[in-house]
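# Structure assessment
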Amino acid sequence: MSVRPYREIHRRPSRKIMVGPVAVGGDAPITVQTMTNTLTSDVQATIDQIRRCEIAGVDIIRVSCPDEDSTAALVKIIPEVTVPVVADIHFHYKRAIEAAKAGAACLRINPGNIGSAQRVKDVVQAAKDHGCSMRIGVNAGSLEKHLLEKYGEPCPEAMVESGLEHARILEDADFTEFKISVKASDVFLAVAAYHGLAEACDYPLHLGITEAGGLRSGTIKSSIGMGSLLWAGIGDTIRVSLSAEPEEEVKVGFDMLKALNLRHRGVNVISCPSCARQQFNVIETVKVLEERLAHITTPMTVSVIGCVVNGPGEARETDIGFTGGGKGTHQVYIAGMPHHRLKDQSIVDHLVELVEQKAAEIEAEKPETATIAAE
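Residues numbered from 1 in each chain as written. Predicted model: local features only at pLDDT ≥ 70, side-chain atom pairs only at ≥ 80, totals over all residues. Heavy atoms only, no water.

Moving on, we get to the side chain of Asn 139. Counting through the fold element by element, Asn 139 comes out in strand β7 (residues 133-139). When its relative accessible area of 15% is taken as the criterion, Asn 139 is described as buried. Residues contacting Asn 139, with those up to four places away along its chain left out, are Lys 183, Thr 210 and Glu 211. (Helix = DSSP H or I, 4+ residues; strand = E, 2+ residues; numbered from the N terminus. Buried < 20%, exposed > 50% of the residue type's maximum accessible area, 1.4 Å probe, protein only. Contact = heavy atoms within 4.5 Å.)

Time to look at the sheet that holds strand β10 (residues 237-239). Strand order in the open sheet formed by eight strands is β8-β7-β6-β5-β4-β3-β10-β9, with parallel pairing between adjacent strands. Looking at the sheet topology across the chains shown, the edges are occupied by β8 (178-183) and β9 (206-207). Both β7 and β8 contribute to a ladder of six bridges, which runs parallel. Its bridge partner lying in β8, Gly 137 is registered against Ser 181. Here helix α9 (residues 246-259) sits on the sheet in contact with β3 (31-35) and β10, set at roughly 160 degrees to β3. (Pairing = 2+ DSSP bridges. Axes fitted to C-alpha atoms, helices over the stretch in contact; angles between N-to-C directions.)

Take the packing of helix α10 (residues 282-292) against helix α12 (residues 347-365) next. How two helices pack is summed up by the angle between their axes together with the distance between the axes. Running from amino to carboxyl end, α10 crosses α12 at an angle of 35 degrees, the nearest separation of the two axes being 10 Å. α12 is crossed by α10, and the crossing has right-handed handedness. Counted together, Thr 285, Val 288, Leu 289 and Arg 292 of α10 and Ile 347, Val 348, Asp 349, Leu 351 and Val 352 of α12 form the full contact between these two elements. Residues that form the contact of α10 with α12 fall into these classes: six nonpolar, one polar and two charged. (Left-handed = near helix turned anticlockwise from the far one by under 90°. Nonpolar A, V, L, I, M, F, W, Y, C, P; charged D, E, K, R; others polar.)

So, about the pattern of salt bridges. For the structure on display, the rule yields 17 salt bridges. Between Asp 236 and Arg 12 there is a salt bridge, with the nearest N and O atoms lying 3.7 Å from each other. Residue Asp 236 is located in the loop between α8 (215-231) and β10, and its partner Arg 12 is located in the segment before β1 (16-19); the two are separated by 224 residues in the primary sequence. An identical accessibility class is assigned to Asp 236 and Arg 12; each is buried. (Salt bridge = Lys/Arg side-chain N within 4 Å of Asp/Glu carboxyl O.)

The subject of this paragraph is the sheet that holds strand β13 (residues 320-323). As summarised here, the arrangement of the five strands in space is β11-β12-β13-β14-β15, forming an open sheet in which the pairing is mixed. Strands at the two margins of the open sheet, each flanked by one partner only, are β11 (267-271) and β15 (337-343). When the angles between neighbouring strand axes are averaged without regard to direction, this sheet yields 20 degrees. As judged from the six bridges shared by strand β14 (residues 329-334) and β15, these two strands associate in the antiparallel manner. Bridge assignment links Ile 334 to a residue of β15, and that residue is Met 337.

For the rest of this paragraph, the subject is the packing of aromatic side chains. Inspection of every chain in the model, using the stated rule, returns two aromatic pairs. With 5.1 Å between their ring centres and 70 degrees between their planes, Phe 280 and Phe 322 make a pair best called edge-to-face. In this pair, Phe 280 is assigned in the loop between β11 and α10 and Phe 322 in strand β13, connecting sequence segments 42 residues apart. The ring of Phe 254 has Arg 265 sitting right over it, with the charged end atom 5.5 Å from the ring centre. (Phe/Tyr/Trp six-rings, centres within 6.5 Å; stacked < 30°, edge-to-face > 60°. Lys NZ or Arg CZ within 6 Å of the ring centre and 35° of its normal.)

Right, let's talk about the environment of Gly 227 for a bit. Relative to the helices and strands, Gly 227 resides in helix α8. Along the chain, Gly 227 and Val 250 lie 23 residues apart, while their C-alpha atoms are 15 Å from each other.

Quick look at the structure:
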């Protein structure tokens, strides 16, 4: 039994599929995805945006392929990026075949939307020939007419039924390398649908609260919905849908996983909201510190607390701690122990230097083969 059983998350058992070289499901780490918002046919703009997402740590990236120019652009985009690319296909089966031939690692598709059984077989064959997996993407806003007539409105049962119907189409074509999503902008609807789907199948699940809103409101809705699912052990890959730049979605995704101890990437800053007891400007210090530490990918924790009420206790649990003290002199902790004092004027610079040193030490101790699995 764990020393802290209240921290344990028991993930739902699922199949494992591959999105290019990245494993999804099974015992693989939960992956973070986003989607470009450039015109895919604008090759350089799309590459530049993907590279910014790579810096933020994205594991898988999706691009929209609504026309032939977009799938043709994949041939130029994919060799220039390091993460697997998912081609987002909605209706035209030829776009899926073109994307597979162009090197897409995965096709986001609803098999029931692309026509005859033969067309589905053609897409499946292209996926098999070119090593593509697929994602069945069910959305509350675009449920099939017969399901809306049956249930009267988008509901969890209708969404689960839609996902399973699409899954059977692929299974009948002898294809099981797929994951499923059942997204909705309504948090309650999405969460209930994912719970139902998790019980009904063992395919990997792609989590998302679709059209969640702007950076702040969307982060809150996504954290409530996806966070509750992840806490329940449901979910194998996630996309935070925000009306913001894609790299912001990646950052929120990783912060969500870090909060649940499911992935560890970069610096986890533990800081107080500040109050009249603060001995330095906590809010401004943390704002600048997080910006200055954005380049650090090594997992570690840093506490920044304004006074001695909670500061020493938080510092005991972190790699590097900083607690405000009187007369402009503050306490620095290393590995939970008091280490040295520091004056006001050099707080951020000094903490950044300590973090960079610690990151270098941790990286030097890692085996050369360490990969995403180490996260």
